[in-house]
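Observations on the three-dimensional arrangement
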Amino acid sequence: MKRTILILTIVLLMVFAGCTNKESESGKYITINGDVEGISVQVDLSDISHEDVTINDTTYKGVRLSKVLQKVSLLAPVEKSYLMITARDGVSALIDAETASLCHVVEEEGVFNMKAPEHPRVIGIKDVLEITVVAHEDVEVSDDHALKIVDEEGDRRISFGNCKLLMFEKSGESRQNGNLAVKYVKKAPLKAEDFIGDDFVLYFDNYDMLKVDRDYAGSFVWENGRIYYETDERHDSPVTGIVSGVDTVIFDAFDMMKILLDKNEKVMFILPDGLSYEQVEYYKDNLTILSGNYKKAASVNPAISNVALAAIITGQSPFVTGITKREVKAPNVKDIFEYAASKGKTAAYVEGNSVLVVTSEKPKLNVVDSEGYTDKGVFETAMYELGKHPDLIFIHFHGIDDANHEYSPLSEEARQKIFEIEGYIKELVKNFFGHVIIVPDHGAVAIEDADGTTRGKHNLFKYGDMYVPFYYFERGSLIEE
Ligand SMILES: [Zn+2]
């Protein structure tokens, strides 16, 4: 651990010194990236004993690549890892990590060259930029080490090492002494359209988000262990996830509310916490008001209540709101209540039993009932507030999320909760004349606990929690007078 911190400190110092070429500083650091702990690690070769390696009667002093690997933690066992040795010009060779002891890193005139007499000649990469560890495709790495993708098919993960392979092209394969080497060259940048089937939302490491129309999409590039997105400009935070096949994102609700208020229309926003797109599709035939008038929307990352709520009430990504984890504070930007007030509009905000985000309009809180739910209280308070005819009413029902957590999203209990809350929503809509927007904060994923019980979870970046229904209708279009 101390070593990692030390290395990181050195790297940071060098970055801040404006030094991009580590070799010129000391000539000792080599970059190991991809499927390793820390994603990109600088290994100091002066710490490692040098050995003789002879090629064509010339003897060099070098460091065995297997000894370099001992300085990092591979995510996969060595027999399930490849090493991709990449030159500064992109030419690369891929070998089994198990054969690393047959390769030597030799420093010559300030650059690193690979000497591997037992391997095919292609391994003799000159001016090595980096050595990328690539886990075999069947190895599961943690979500922190993979590009997370959610699409209509479900969800998948591509380890950062394997992401690099997407951006390179195989150009040959050779074998010597039983050692395999695959030659790769850099492809043209990976176009989003070759990779993603629909419009999509990008999630960046700094919690920013970007909605992308597939027809006008840019491309992905791999750099030092991470994936970046490029259009005319380069987004400087790496991409951590992609959700495709969505019409919108949950915080688009903000602009809708704003536009409607500007038109002097009344708006009712209902947030059924935890209601997933999957649940609505599953129960559709038996739902009424919630069976239609919805699109597919993407939640935020992390898909948790306060982060999503802050995004919805401000129309901004977690990067902009500054609310990126479970903590109660005010967003960095104005919320919809402040906007309404600035236009001389009246607003009411009905919450569960606690404050999730510090808002400009104080929420009306409600107590839990004997079963631990606040929904009946929230409904009654909302009905009371509706009697005052506010221009904007914002109502947060928590029961579906609670039932999802406790019993799992497709459980009988969750089903009952969805129908109960749909009943409240119908009653509210009946007593309201205006525009109705219903958007959950996130969905839920059924996960089996250690005790064998299936429960519901979110903040997993999966189909279940990232896809939610986004409803919009006018009261008159649904309820008979
Ligand atoms: Zn929630």
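Here's what I pulled together on the structure shown here. Since the model is a prediction, treat every value here as computed from it, not as a measurement.

Details of the pairing of strand 1 (residues 29–34)
- Within strand 1, six of the six residues are buried, which leaves the element mostly enclosed by the surrounding structure.
- Neither face of strand 1 is left uncovered, since the one carrying Tyr-29, Thr-31 and Asn-33 and the one carrying Ile-30, Ile-32 and Gly-34 both have all their residues buried.
- Relative to strand 2 (residues 40–44), strand 1 runs antiparallel, the two being bridged by five bridges. Across the sheet, the residue bridging to Asn-33 is Ser-40, located in strand 2.
- Between the antiparallel neighbours strand 1 and strand 2 lie five residues, among them Gly-38 with a positive phi of about 90°.
- As defined by bridge partners, strand 1 adjoins strand 9 (residues 128–135) across three bridges and the pair is classed as parallel. Across the sheet, residue Ile-32 finds its bridge partner in strand 9, namely Ile-131.

Re the coordination of the zinc ion
- Every protein donor of the zinc ion is listed here as Asp-273 (OD), Asp-273 (OD), Ser-305 (OG), Asp-441 (OD) and His-442 (NE2), and their distances to the metal cover 1.9 to 2.8 Å.
- Sequence spacing among the residues donating to the zinc ion works out to D-x31-S-x135-D-H. Highlighted residues: Ser-305 in helix 7 (residues 305–314) and Asp-441 in the loop between strand 25 (435–438) and strand 26 (445–448), separated in sequence by 136 residues.
- In this structure Asp-441 comes out as buried when scored by relative accessible area, which is 0%.

Side note on the sheet that holds strand 21 (residues 267–272)
- Ordered by their spatial adjacency, seven strands build an open sheet running 20-22-28-25-21-24-23, and the pairing between neighbours is mixed. Every interior strand has two partners, whereas the edge strands, strand 20 (248–249) and strand 23 (347–350), have only one.
- Pairing geometry for strand 21 and strand 24 (residues 392–397), over six bridges, is parallel. Following the sheet pairing, Val-267 is matched in strand 24 by Leu-392.
- Running over the sheet, helix 7 touches strand 21, strand 23 and strand 24 and is turned about 165° from strand 24.

Regarding the sheet that holds strand 4 (residues 58–64)
- Strand order in the open sheet formed by four strands is 3-4-7-8, and the pairing between neighbours is antiparallel. This sheet does not close on itself; its edge strands, each paired only once, are strand 3 (51–55) and strand 8 (111–115). Here the strands of the sheet are splayed against their neighbours by 50° on average, with no regard to which way each runs.
- Sheet topology places strand 3 next to strand 4; five bridges connect them, and they run antiparallel. Paired with Asp-52 across the two strands is Lys-61, which belongs to strand 4.

A closer look at the packing of helix 11 (residues 399–407) against helix 12 (residues 412–430)
- Two elements in contact, helix 11 and helix 12, have axes separated by 8 Å at closest approach and are oriented at 175°. What the angle tells us is that helix 11 and helix 12 run roughly antiparallel. The residues of helix 12 that touch helix 11, namely those facing Gly-399, Ile-400, Ala-403, Asn-404 and Tyr-407, are Glu-413, Ala-414, Lys-417, Ile-418 and Ile-421.
- Partitioning the contact of helix 11 with helix 12 into residue classes produces six nonpolar, two polar and two charged.

Brief notes about the pairing of strand 10 (residues 146–151)
- Of all six residues that make up strand 10, six are buried, and the element is covered over most of its length.
- Where burial is concerned, the two faces of strand 10 agree: the one with Ala-146, Lys-148 and Val-150 and the one with Leu-147, Ile-149 and Asp-151 are both buried.
- Where strand 10 lies against strand 11 (residues 154–159), six bridges are found, and the strand directions are antiparallel. Looking at strand 11, one finds that Ala-146 is bridged to Ser-159.
- Counting the residues that bridge the hairpin from strand 10 to strand 11 gives two residues.
- Where strand 10 and strand 19 (residues 239–244) come together, three bridges link them in parallel fashion. Each residue of the ladder has a partner; that of Ile-149, found in strand 19, is Ile-242.

Definitions and limits used
Residues numbered from 1 in each chain as written. Predicted model: local features only at pLDDT ≥ 70, side-chain atom pairs only at ≥ 80, totals over all residues. Heavy atoms only, no water. Buried < 20%, exposed > 50% of the residue type's maximum accessible area, 1.4 Å probe, protein only. Helix = DSSP H or I, 4+ residues; strand = E, 2+ residues; numbered from the N terminus. Pairing = 2+ DSSP bridges. Donors = N, O, S within 2.8 Å, 3.2 Å for Na, K, Ca; no water. Contact = heavy atoms within 4.5 Å. Axes fitted to C-alpha atoms, helices over the stretch in contact; angles between N-to-C directions. Parallel < 35°, antiparallel > 145°, perpendicular 65-115°, else oblique. Nonpolar A, V, L, I, M, F, W, Y, C, P; charged D, E, K, R; others polar.

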